[in-house]
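The lines below spell out each chain.
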Amino acid sequence: MTTTWRHLPAPAREIATAATGAVAAARERDPVAYDVAVARLAAAERSGLVLGAVVRLLLEETHPDGLDGDDVRQVLEGCVRGAAPWQPDVDPHVVLVLLAGALGVYEPGDDESPPDPTAVARHAPLLVADLLAGTGRPLDGYLSAAFTEIARTERQD
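As the structure is a prediction and not an experimental result, all values here were calculated from the model. (Residues numbered from 1 in each chain as written. Predicted model: local features only at pLDDT ≥ 70, side-chain atom pairs only at ≥ 80, totals over all residues. Heavy atoms only, no water.)

Points about the environment of G21
Part 1: Mapping G21 onto the fold places it in helix α1 (residues 10-28).
Part 2: In this structure G21 comes out as partly exposed when scored by relative accessible area, which is 30%.
Part 3: Taking the C-alpha atoms as reference, G21 lies 7.9 Å from A33; in sequence the two are 12 residues apart. (Helix = DSSP H or I, 4+ residues; strand = E, 2+ residues; numbered from the N terminus. Buried < 20%, exposed > 50% of the residue type's maximum accessible area, 1.4 Å probe, protein only.)

As structure tokens, this is what we get:
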């Protein structure tokens, strides 16, 4: 955990620690460590919100001119294909929901089978790890930016 998270409340620090562990395990393709980190992440309230913000930030950085349908398809396919050999239960629908949610175009009420928090916790680190591979940067900065953005939005509301 980086020092940038020391000022955060305990629940936010727990999300940061769990997300860091899950993304690291995904990058290393370590199923045992991944399962442990995902369980911890699933238990952390609002982890989906934080990881959704991280995904959005990564999408904005990796696609500065915006995303079209082909870009979304490439991100979806890249994530699912990259994860499938070591996470055979990866669900393309959940990854698509994560992408749509990060882009602000997903309405859970319109989905007949919206993913539960455990499914989000299981798939979001896969997507984050895949997107991070295209940046060459560590997760820490994106997490810090996500927490800052969420705090700013909450203060405005």
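Back to the text.
Things to note about the packing of helix α4 (residues 69-83) against helix α6 (residues 117-133)
Part 1: At their nearest, the axes of α4 and α6 sit 9 Å apart, and the two run at 110° to each other. Classed by the angle they form, the pair α4 and α6 counts as roughly perpendicular. Contacts between α4 and α6 involve V75, G78, C79 and A83 from the first element and L126, L127, D130 and L131 from the second.
Part 2: Across the contact of α4 with α6, the residue classes break down as six nonpolar, one polar and one charged. (Axes fitted to C-alpha atoms, helices over the stretch in contact; angles between N-to-C directions. Parallel < 35°, antiparallel > 145°, perpendicular 65-115°, else oblique. Contact = heavy atoms within 4.5 Å. Nonpolar A, V, L, I, M, F, W, Y, C, P; charged D, E, K, R; others polar.)

So, the nonpolar core
Part 1: With 52 residues, the main nonpolar core has L127 and V128 as its most contacted residues.
Part 2: Where this core is concerned, the elements lending two or more residues are α1, α2 (31-43), α3 (47-62), α4, α5 (92-102), α6 and α7 (139-156).
Part 3: Top element by residues in this core is α6. It accounts for 10 residues.
Part 4: The contact partners of V128, leaving out residues within four places of it in the chain, are V23, L51, V54, V55, L58 and L139. (Core = buried A, V, L, I, M, F, W, Y, C linked by side-chain atoms within 4.5 Å.)

Describing unusual backbone geometry
Part 1: In this structure, R29 is a non-glycine residue whose phi angle is positive, near 55°.
Part 2: With respect to the element layout, R29 can be found in the loop between α1 and α2.
Part 3: R29 gets classed as partly exposed once you look at its relative accessible area, which sits at 43%.
Part 4: Its identity as a non-glycine residue notwithstanding, R46 has a phi of 75°, on the positive side.
Part 5: Relative to the helices and strands, R46 resides in the loop between α2 and α3.
Part 6: With relative accessibility at 42%, the residue R46 sits in the partly exposed group.

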